[in-house]
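# Examination of the molecular architecture
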Amino acid sequence: MDWLGPEEWSAVALSVKVSFWAVVASLPFGLLTAYALARWTFPGKQILNGLVHLPLILPPVVTGYLLLLTFGPRAPVGGFLEAIGLGIAFRWTGAALAAAIMGFPLMVRAMRLSIEAIDPRLEEAAATLGASGGRVFVTVTVPLMLPGLLTGAILAFAKAMGEFGATITFVSNIPGQTQTLPSAIYAFLQIPGGEASALRLVVVSIIVAMGALLVSEWASRRVAARVGA
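Here the structure is a predicted model, which means the values were calculated and not measured. (Residues numbered from 1 in each chain as written. Predicted model: local features only at pLDDT ≥ 70, side-chain atom pairs only at ≥ 80, totals over all residues. Heavy atoms only, no water.)

## Quick word on the packing of aromatic side chains
In total, this model carries four aromatic pairs according to the counting rule given. Relative to Trp21, the ring of Phe20 lies with its centre 5.2 Å away and its plane at 80°, an arrangement referred to as edge-to-face. On the basis of relative accessibility, which here comes to 43%, the residue Trp21 falls in the partly exposed class. Residues Phe164 and Tyr186 carry aromatic rings whose centres are separated by 5.5 Å and whose planes lie at 50° to one another, so their mutual orientation is tilted. Within this pair, whereas Phe164 is found in the loop between helix H8 (146–162) and helix H9 (165–171), its partner Tyr186 is found in helix H10 (residues 181–189), the two being separated by 22 residues in sequence. Through a chain of ring-to-ring contacts, three or more aromatic side chains come together here, namely Tyr35, Trp40 and Phe137. Lying across the ring of Trp92, Lys17 places its NZ or CZ 4.2 Å from the centre. (Phe/Tyr/Trp six-rings, centres within 6.5 Å; stacked < 30°, edge-to-face > 60°. Buried < 20%, exposed > 50% of the residue type's maximum accessible area, 1.4 Å probe, protein only. Helix = DSSP H or I, 4+ residues; strand = E, 2+ residues; numbered from the N terminus. Lys NZ or Arg CZ within 6 Å of the ring centre and 35° of its normal.)

Encoded structure:
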């Protein structure tokens, strides 16, 4: 891919970095949330379900603005983080947070559907044999839900790679620092002669999106076949 220029490569590399850490940071929370929605009964369950899926229906700019109100340098939480040197607004870590929130509903939904497809009697049988709740989850639930876990992680990664509205609102579009793939495409389209660079990045975006979908489908089938065997 030597046809990409340094600025274009920088945007692609930063997008991969942001998307990777977005998935890594949100995966434990996604797994816990998916399990709670699939198996637990508690007050406010529907509210939690609504909050999880809210980023899917809210305009991304609204999500970014809410993040700015919460984690901006003058916001209560953001101001505290700035004071201890952990500020995330207008930094790549803020882009990772925005991407994680936008990809979270896809991750949770895939894992929740996978957990709901597991026969609860298998978990109950392990519990009757003396296994603790945590051991049942690790040795029974997680192996059986691996297709959904992998699918959720890959879809969240792809969503993070394509995230634009919330990211540019929260961390702006700073080349080399917060300029991800979609932000770079937008920036190139605003300058004369930037159409060629924008088109190259569009091709990269399509390849990444299609690759994520194909890998997700392939991984789900392979893991499902092994679990079935």
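Read on, since the account is not over.
## Comments concerning the packing of helix H5 (residues 92–116) against H8
The N-to-C vectors of H5 and H8 enclose an angle of 160°; their axes lie 8 Å apart at closest approach. The orientation of H5 with respect to H8, classified from their angle, is roughly antiparallel. By crossing handedness, the relation of H5 to H8 is classed as right-handed. Contact with H5, carried on its side by Ala99, Met102, Gly103, Leu106, Met107, Ala110, Met111 and Ser114, involves Gly148, Leu149, Thr151, Gly152, Ala153, Leu155, Ala156, Lys159 and Ala160 of H8 and no other residues of that element. For the contact of H5 with H8, the per-class residue count stands at eleven nonpolar, five polar and one charged. (Axes fitted to C-alpha atoms, helices over the stretch in contact; angles between N-to-C directions. Parallel < 35°, antiparallel > 145°, perpendicular 65-115°, else oblique. Left-handed = near helix turned anticlockwise from the far one by under 90°. Contact = heavy atoms within 4.5 Å. Nonpolar A, V, L, I, M, F, W, Y, C, P; charged D, E, K, R; others polar.)

## With respect to the nonpolar core
Counting 17 residues, the largest nonpolar core has Val108, Met111, Ile115 and Met145 as the members making the most contacts within it. Among the secondary structure elements, those contributing two or more residues to this core are helix H1 (6–39), H5 and H8. Among the elements that line this core, the one with the most residues is H1, at six residues. Setting aside anything within four residues of it in sequence, one finds Ile115 in contact with Ala34, Tyr35, Ala38, Arg39 and Met145. With 16 residues, the next largest nonpolar core counts Leu14, Val18, Ile88 and Ala100 among its residues. (Core = buried A, V, L, I, M, F, W, Y, C linked by side-chain atoms within 4.5 Å.)

## Things to note about the confidence of the model for the protein chain
Chain-level statistics for the protein chain give a pLDDT mean of 88 and a share of 96% at 70 or above. By mean pLDDT, helix H11 (residues 195–228) is the weakest element of the protein chain at 80, and helix H3 (residues 60–71) is the strongest at 94. (pLDDT = per-residue confidence, 0-100.)

## Focus: the pattern of salt bridges
One pass over the full model with this rule turns up five salt bridges. With its nearest N and O atoms 2.9 Å apart, the salt bridge here joins Arg39 to Glu123. Within this pair, whereas Arg39 is found in helix H1, its partner Glu123 is found in helix H6 (residues 120–128), the two being separated by 84 residues in sequence. Classification of Arg39 as partly exposed rests on a relative accessible area of 23%. (Salt bridge = Lys/Arg side-chain N within 4 Å of Asp/Glu carboxyl O.)

## Section: the packing of H1 against H10
At a minimum axis distance of 8 Å, the contact between H1 and H10 shows a crossing angle of 150°. Relative to H10, H1 is oriented roughly antiparallel. Across the interface between the two elements, Glu7, Glu8, Ala11, Val12 and Ser15 of H1 pack against Leu181, Pro182, Ala184 and Phe188 of H10.

## Focus on a nonpolar patch on the surface
Residues Trp3, Leu199, Val202, Val203, Ile206, Ile207, Met210, Leu213 and Leu214 make up a contiguous nonpolar surface patch of about 850 Å² in total accessible area. Among the secondary structure elements, Leu213 is positioned in helix H11. Note on Leu213: relative accessible area 48%, which makes it partly exposed. (Patch = residues over 30% accessible without salt bridge, like charges linked within 9 Å, V, L, I, M, F, W, Y side chains within 5 Å. Areas by Shrake-Rupley, 256 points an atom, 1.4 Å probe, with all protein chains shown as cover.)

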